[in-house]
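Listed below, chain by chain, are the residues.
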Amino acid sequence: MLLPLFFFFFLLHLHLSSSSISFPDFQIIDVLQPPLTVTETLPDFNSTHFSDESNSKYTLRLLHRDKFPSVTYRNHNHRLHARMRRDTDRVSAILRRISGKVVASSDSRYEVNDFGSDVVSGMDQGSGEYFVRIGVGSPPRDQYMVIDSGSDMVWVQCQPCKLCYKQSDPVFDPAKSGSYTGVSCGSSVCDRIENSGCHSGGCRYEVMYGDGSYTKGTLALETLTFAKTVVRNVAMGCGHRNRGMFIGAAGLLGIGGGSMSFVGQLSGQTGGAFGYCLVSRGTESTGSLVFGREALPVGASWVPLVRNPRAPSFYYVGLKGLGVGGIRIPLPDGIFDLTETGDGGVVMDTGTAVTRLPTGAYAAFRDGFKSQTANLPRASGVSIFDTCYDLSGFVSVRVPTVSFYFTEGPVLTLPARNFLMPVDDSGTYCFAFAASPTGLSIIGNIQQEGIQVSFDGANGFVGFGPNVC
């Protein structure tokens, strides 16, 4: 089978060291009009769960938010602006969590006062971008749950529901589960919850999200089922008061770096190993989420994880530079470093769509791209994007590559669709990066799409490749 040209470049760049090879400087991409249909259909998850028990690797499918039938848009432009509003909210919420302060957004248009599952993309703030289908309780009741790499909580809406938003499946009733066990106030599990309390001897929890969404309820131990794999005694919030825009999902599966996330709770069995491959926009395929040591691929390019004690939930990576067209962009030393006080640094996030870079780094990066695309007709900025092109008269275009230079040598060169994206139905494409209002950088899911991303928590590394999806 022949791979698309940009996939070939991606594979080549992951396998070879930047110090010993001269990478191709340009990619040829087809100019495709966005699909006119703006209502998606939900895939049959009963037939798409899969596991590889012979290798102790269990995989679930990931679904993009826009696949939910309840999510509709008037046109492509409506879809884009809704997504960017959510994205701005998400970035603002991350900045508040890390800094403890309200940070004004630079996106002025949208200012804000071994187990596995397939991944579905979901895009509202509070909902994250991608969803998995998981069985909750005994017998298992299938529920859609948001995955969030920046969260350390697992929770679902529960009966009796004093205040619940609309979800696509019946609300989970713990009274009908033979494996549901409440957690007492004196339990060590309750002590690990950041906002916990006590009511009638039971552990209560509360989680607030950046857009005003929240979940409040009782902490319990429950059984979760992934395809044929049963995971018992998972500490899970049973939310009786929940508010927010969770787009049909029953709750959230936190896969952050803290001890109460699903990854943290299984660290003794999996060593904190998991990986995902996020579905590409506009395709009929689903992505995947995999847990277990067998999820770690041979041949990946590994980058050290960096720990921020101020924000232990987030996965920080060491980034040293940026490149365009095979030319490294001159940037101040340490512009991406995490400081001793926990400021700056680079976070990988499944819930943020567009990669954010410190203003100075973004401006130099953008200008480097513009200088090598001077032959392409420009278009006015759209939404949070200030560098756009009118490609309506083209069948294909030649564009410079875009690369991340990571700590200890690995270079990740992106497929063209991960940095030049269509924003309307008329052939307008934009450079899919934006400035951060602070020194924090965030590598978003648009830039991660179609790339196998693996986390080795026990040894402190994140890997890219060697496969595409």
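Residues numbered from 1 in each chain as written. Predicted model: local features only at pLDDT ≥ 70, side-chain atom pairs only at ≥ 80, totals over all residues. Heavy atoms only, no water.

(A) Looking closely at the overall build of the protein chain. Of regular secondary structure, the protein chain possesses 7 helices and 32 strands. The 469 residues of the protein chain split such that 59% are buried. For the protein chain, the exposed area adds up to about 18200 Å²; of that, 51% sits on carbon and sulfur atoms. (Helix = DSSP H or I, 4+ residues; strand = E, 2+ residues; numbered from the N terminus. Buried < 20%, exposed > 50% of the residue type's maximum accessible area, 1.4 Å probe, protein only. Areas by Shrake-Rupley, 256 points an atom, 1.4 Å probe, with all protein chains shown as cover.)

(B) Seen up close, empty space enclosed by the protein. The calculated volume of the second largest cavity comes to roughly 40 Å³. If you trace the second largest cavity, you find it lined by Phe 404, Phe 406, Leu 412, Leu 414, Ile 443, Gln 447, Gln 448, Ile 451, Val 453 and Phe 464. Broken down by secondary-structure element, the contributors of at least two residues to the lining of the second largest cavity are strand S25 (402-406), helix H7 (445-448) and strand S31 (451-456). (1 Å grid on protein atoms, 1.4 Å probe; cavity = no way out; pocket = protein on both sides within 12 Å on 5 of 7 lines; lining within 4 Å. Points joined across faces, edges and corners; volume = space filled by probe spheres on them.)

(C) Main features of the sheet that holds strand S23 (residues 388-390). Spatially, 4 strands are ordered S22-S23-S28-S27 in an open sheet, and the strand pairing comes out antiparallel. Two strands close off the open sheet at either side, each with one partner strand: strand S22 (378-379) and strand S27 (420-422). Two elements, S22 and S23, share 2 bridges in a ladder whose sense is antiparallel. Considered in S23, the bridge of Arg 378 is made with Tyr 389. Across the sheet, helix H6 (residues 359-371) is in contact with S22, S23, S27 and strand S28 (428-431); its angle to S28 comes to roughly 135°. (Pairing = 2+ DSSP bridges. Contact = heavy atoms within 4.5 Å. Axes fitted to C-alpha atoms, helices over the stretch in contact; angles between N-to-C directions.)

(D) Up close: the state of the cysteines. Tallying each qualifying case throughout the model produces 5 disulfides. With its sulfur 2.1 Å from that of its partner, Cys 190 forms a disulfide with Cys 203. Where Cys 190 bonds to Cys 203 through sulfur, the torsion about that S-S bond is close to 85°, and the disulfide is right-handed. Of this pair, Cys 190 sits in helix H3 (residues 188-191) while Cys 203 sits in strand S10 (residues 202-208), placing them 13 residues apart in sequence. No difference in accessibility class separates Cys 190 from Cys 203, as the two residues are buried. In this model Cys 388 forms its disulfide with Cys 430; the gap between the sulfur atoms is 2.0 Å. Between Cys 388 and Cys 430 the sulfur-sulfur dihedral comes to about 100°; the bridge is accordingly right-handed. Taken together, the residues span a long stretch of sequence, with Cys 388 in strand S23 and Cys 430 in strand S28 at a distance of 42 residues. Accessibility assignment for this pair places Cys 388 and Cys 430 in one class, buried. (Disulfide = S-S within 2.5 Å.)

(E) Expanded view of the UniProt feature "active site" (unreviewed entry) in the protein chain. What UniProt calls "active site" (unreviewed entry) maps, in this numbering, to Asp 148 and Asp 349. Across 202 residues, the annotated set stays spatially compact, with a maximum C-alpha separation of 7.8 Å. For Asp 148, the location among the structural elements is in strand S6 (residues 141-148). Setting aside its immediate chain neighbours within four residues, Asp 148 contacts Arg 90, Leu 252, Leu 253, Gly 254, Ile 255, Gly 256, Asp 349 and Thr 350. For Asp 349, the location among the structural elements is in the loop between strand S20 (346-348) and strand S21 (355-358). For Asp 349, a relative accessible area of 0% puts it in the buried group. Apart from residues no more than four positions distant in its own chain, Asp 349 is found in contact with Arg 90, Ile 94, Asp 148, Ser 149, Gly 150, Ile 442, Ile 443, Gly 444, Asn 445 and Gln 448. Here the side chain of Asp 349 touches Arg 90 through a polar contact of 2.8 Å, side chain to side chain. (UniProt positions renumbered as here; feature names shortened; annotations may be inferred. Polar contact = N/O pair within 3.5 Å; in protein donor to acceptor, adjacent residues only side chain to side chain.)

(F) Seen up close, the pairing of S10. Bridge count between strand S9 (residues 196-199) and S10: 4 bridges; the pairing is antiparallel. Within S10, the residue paired with His 199 across the bridge is Gly 202. As consecutive antiparallel partners, S9 and S10 are separated by 2 residues, and within that stretch Ser 200 has a phi angle of approximately 55°, a positive value. As paired strands, S10 and strand S11 (residues 214-226) are joined by 5 bridges and run antiparallel to one another. The partner of Met 208 across the bridge, within S11, is Tyr 214.

(G) Representation of the pairing of S31 in the model. Burial of S31 is extensive: 6 of the 6 residues sit out of reach of the surface. Neither face of S31 is exposed, since Ile 451, Val 453 and Phe 455 on one face and Gln 452, Ser 454 and Asp 456 on the opposite face are all buried. Note: strand S14 (residues 273-277) against S31, 5 bridges, orientation antiparallel. From the neighbouring strand, Ala 273 faces S31, where its bridge partner is Asp 456. For S31 and strand S32 (residues 461-468), the ladder comprises 5 bridges, and the chain directions are antiparallel. Paired with Asp 456 across the bridge in S32 is Phe 461. A loop of 4 residues connects S31 with S32, the two strands running antiparallel in sequence, and Gly 460 in this loop sits at a positive phi of about 75°.

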